[in-house]
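Topology and contacts: notes
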Amino acid sequence: MTTPEETSLPAAYHAIDEERVEVDAVILGAGIAGLHQLHLLRRLGLRVLVFDKAGDVGGTWWWNRYPGARFDSESHVYQYMFDEELYKGWSWTERFPGQPEIQRWTQYVADRLDLRGHIRFSTTITSAVFDEDRSRWTVRTDRGDTVDAQFFVSCAGPLSAPLENVFEGQNSFSGDILHTAKWPAEDADMTGKRIGVVGIGATGIQVIQTIAGRGRHLTVFARTPQYVLPMKNRVYGEEQQSAYKARFDEVSSTVPHTFAGFDFDFAHVWAEYTPQRRREVMEELYADGSLRLWVGGFADLFFEREVNDEISEFVRNKMRARLGDDRLADILVPSDYGFGTRRVPLEDNYLEVYHRPDVELVGIRDNPIARIAPEGIVLSDGTVHELDVIVLATGFDAGTGSLTRIDVRGRDNRSLAEDWSRDIHTLMGLGIHGYPNLFTIGAPLAPSAALCNMTTCAQQQAEWIRDAITHVRTQGATTIEATKEAEDAWIEHHEQTAAATLIPSTDSWYTGSNVSGKPRRLLSYTGGVGAYRQKCHEVATSGYPGFAIT
Ligand code: NAP
């Protein structure tokens, strides 16, 4: 993997004085959203500067290079679809490719669209302050840059603020502690080591199934059980690549209008089927080896407790049959929340890993991790698990953390970190009252925060932001800001839509319950990608009601 590091700002940028550079827009992040946003704003003729803490493009796919990291969206859908040639110029080699190939794809996109000259890597934005008198943002970085910009667009990604300082005593550990989102580029040598993995979310599952057998012994510390679905990966040769590329028109026109931005949508209605037919359909969806059973089958599972109970039991039975062991099932098979109300991970022989003699499963629901000691992990009852490497697959401060870890100041010097510590609010996940000319992709209260194939949602939001900026400029205006009334109305709509589903009552990063003290609010808009897109379109085509443009 290449890690080019730019050390100076591109020469094309206009220096206001010795210390400051002036641009039209600063973009935070050169991942999936940031690359597309940069491309769109460049095409408007704007001077745009992108900062990214990472050493190269890719965003989440640059950071999350832990063993086993791969899509669980199908590759032909996890794509940019705004440019047919760009789409067809890349050939995925698997149905669900791994991180190295995904990283190469983001490099291909950056090179093909000639974006690198506008990106400064290995640079962290430390503050962004809105100057009301000048209606401009001052963005500062850890490399001493000061950039003056009309617009500040956050493409930070909803899952980019890792939870890495989780346990007391972490610094005392005599071995290595690795968070999955900060995996070393040269990988970690696990030969002969006793490895402990904390966390069995989508990340933990991929790590566990991949590293089992690499070290001397693997201990998995599992708290909340997780519904899992088997992934059926396939190698793509020329024939499969040509076949999916031939569907470009169909896929690019349907995917943006589905519930979750995939190449499938809810296709079945529970009440219309006999019990036997329901069972057949569940088996078919399960056998597809994708996320279809979750977001491409019965929408009812999100709304009707009885339907959810039956589908949950279907998945539980599949898991129990594979585990074939009551103790393992007791720790790994969920019983107190419904299927699909947390993110459903795909896995590949993950449950079978626990049958290996060199893998130990430790349930920590009733006996949590108390601290980390020099020799390993200590549980509340005093049991010590001696380890050489601890892998923290402990997740993220999702949706908000990427921005609250920066000092973002809006009108009246208000702090976004303080605002969101009281109440998480946005208007459609695109703008925030009190923060003029700040746009966000992947922020709370839009599908992109959690319930969406990210490329589908990121493209739609990037295009909406491009259009909003165009509108402001053609009006001869200087600022655009979400109004308090519109934001409150959106929150109410968001809450009502969420309350109709079973999701808000389940604990996970979806509701912010994984971060102590975080206000509980479902991060993702649950009205669906297609419906959300339509609402955004209506706002844009009716002159941006809900946004004050001055
Ligand atoms: P996550 O879903 O939040 O899982 C974190 C895990 O760490 C959970 O098992 C959690 O247990 C555990 N944990 C956290 N703090 C703990 C503590 N103090 N003690 C014990 N256990 C603790 O995070 P993630 O697995 O990184 O996944 C986040 C999201 O990233 C996914 O939901 C998905 O959207 C995305 N992702 C996508 C892919 C893909 O597309 N292929 C792959 C990986 C991740 P509790 O559940 O009990 O809190």
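Residues numbered from 1 in each chain as written. Predicted model: local features only at pLDDT ≥ 70, side-chain atom pairs only at ≥ 80, totals over all residues. Heavy atoms only, no water.

Residue placement: Arg136 occurs in strand 6 (residues 136-141). In this structure Arg136 comes out as buried when scored by relative accessible area, which is 16%. Side-chain polar atoms of Arg136 contact the backbone oxygen of Val23, separated by 2.8 Å. A distance of 2.4 Å separates a polar atom in the side chain of Arg136 from a polar atom in the side chain of Asp148. Not counting residues up to four positions away in its chain, the partners in contact with Arg136 are Glu22, Val23, Val129, Phe130, Asp131, Asp148, Ala149 and Gln150. (Helix = DSSP H or I, 4+ residues; strand = E, 2+ residues; numbered from the N terminus. Buried < 20%, exposed > 50% of the residue type's maximum accessible area, 1.4 Å probe, protein only. Polar contact = N/O pair within 3.5 Å; in protein donor to acceptor, adjacent residues only side chain to side chain. Contact = heavy atoms within 4.5 Å.)

Here the focus is the packing of aromatic side chains. Inspection of every chain in the model, using the stated rule, returns 33 aromatic pairs. Summarising the aromatic geometry, the rings of Trp509 and Tyr510 are spaced 4.8 Å apart at their centres and angled 85 degrees between planes, so their arrangement reads as edge-to-face. Taken together, the ring pairs connect Trp61, Phe71, Tyr78, Tyr80, Phe82, Trp90, Trp92, Trp105 and Tyr108 into an aromatic cluster. A cation sits over an aromatic face here: Arg277 above Tyr273, 5.6 Å from the ring centre. Here Arg342 stacks its cationic end above the ring of Tyr337, 5.4 Å away from the centre of that ring. (Phe/Tyr/Trp six-rings, centres within 6.5 Å; stacked < 30°, edge-to-face > 60°. Lys NZ or Arg CZ within 6 Å of the ring centre and 35° of its normal.)

Moving on, we get to helix 15 (residues 484-499). The terminal C-alpha atoms of helix 15, which comprises 16 residues, lie 22 Å apart, in line with the 22 Å expected from a rise of 1.5 Å per residue. Residues of helix 15 that are buried make contact with helix 16 (529-541). (Expected span 1.5 Å × (residues − 1).)

The subject of this paragraph is the site of the ligand. What surrounds the ligand is a group of 24 residues, the closest being Arg70, Thr203, Arg223, Thr224 and Arg342. At 3.0 Å, a side-chain N or O of Asp72 approaches a nitrogen atom of the ligand. Here Thr203 contributes a side-chain N or O atom positioned 2.6 Å from an oxygen atom of the ligand. Across the complex, the protein chains shield 85% of the 910 Å² of accessible surface that the ligand would expose by itself. Counting residues per element, the shell around the ligand draws most heavily on helix 5 (residues 202-211), at three residues. Its residues assigned to classes, the shell around the ligand shows twelve nonpolar, seven polar and five charged. (Near = heavy atom within 4 Å. Areas by Shrake-Rupley, 256 points an atom, 1.4 Å probe, with all protein chains shown as cover. Nonpolar A, V, L, I, M, F, W, Y, C, P; charged D, E, K, R; others polar.)

The next subject is the confidence of the model for the chain. Here the chain averages 96 in pLDDT, and 97% of its residues register 70 or above. Note that residues 1-7 has pLDDT below 50 and, in this model, 23 contacts with residues that lie over four places away or in other chains. (pLDDT = per-residue confidence, 0-100.)

So, on to unusual backbone geometry. The phi dihedral of Asp187 is positive, around 65 degrees, even though this residue is not glycine. Relative to the helices and strands, Asp187 is located in the loop between strand 8 (176-179) and strand 9 (194-198). With a phi angle near 55 degrees, Asp412 is a residue other than glycine that sits in the positive phi range. Considering the arrangement of structural elements, one finds Asp412 in the loop between strand 18 (407-409) and helix 13 (416-422). In this structure Asp412 comes out as exposed when scored by relative accessible area, which is 55%.

The next subject is the environment of Ala398. Residue placement: Ala398 occurs in the loop between strand 17 (389-392) and helix 12 (401-404). Ala398 sits in the buried class, given a relative accessible area of 0%. Between the C-alpha atoms of Ala398 and Leu523, which are 125 residues apart in sequence, the distance is 8.3 Å. Once residues lying within four places of it in the same chain are set aside, the contact partners of Ala398 are Pro158, Leu159, Trp509, Lys518 and Leu523.

Looking now at the side chain of Asn367. Its location among the elements puts Asn367 in the loop between strand 13 (359-363) and strand 14 (369-373). The class of Asn367 is buried, set by a relative accessible area of 17%. Within polar-contact distance, the side chain of Asn367 engages the backbone nitrogen of Ser380 at 3.3 Å. A distance of 2.9 Å separates the side chain of Asn367 from the backbone nitrogen of Asp381, its partner in a polar contact. Discounting chain neighbours no more than four positions away, the residues touching Asn367 are Leu379, Ser380 and Asp381.

Now for the pairing of strand 5 (residues 125-131). Inspection of the sheet shows strand 5 paired to strand 6 by six bridges, in the antiparallel sense. Looking at the pairing, Val129 lines up with Thr138 of strand 6. Where strand 5 hands over to strand 6, the hairpin turn is made up of four residues, of which Ser135 adopts a positive phi near 55 degrees. The pairing of strand 5 with strand 18 spans three bridges and is parallel. Looking at strand 18, one finds that Val129 is bridged to Arg409. (Pairing = 2+ DSSP bridges.)

Once that is clear, we can look at the pairing of strand 2 (residues 20-28). A large share of strand 2 lies buried, amounting to seven of its nine residues. Across eight bridges, strand 2 lies against strand 7 (residues 146-154) in parallel orientation. Note that in strand 7 the partner of Val26 across the bridge is Phe152. When strand 2 meets strand 3 (residues 48-51), the two strands line up parallel, connected through four bridges. Paired with Ile27 across the strands is Val50, a residue of strand 3. Viewed along the sheet, the connection from strand 2 through helix 1 (residues 32-43) into strand 3 turns out right-handed. (Right-handed = clockwise from strand over helix to strand, strands pointing away.)

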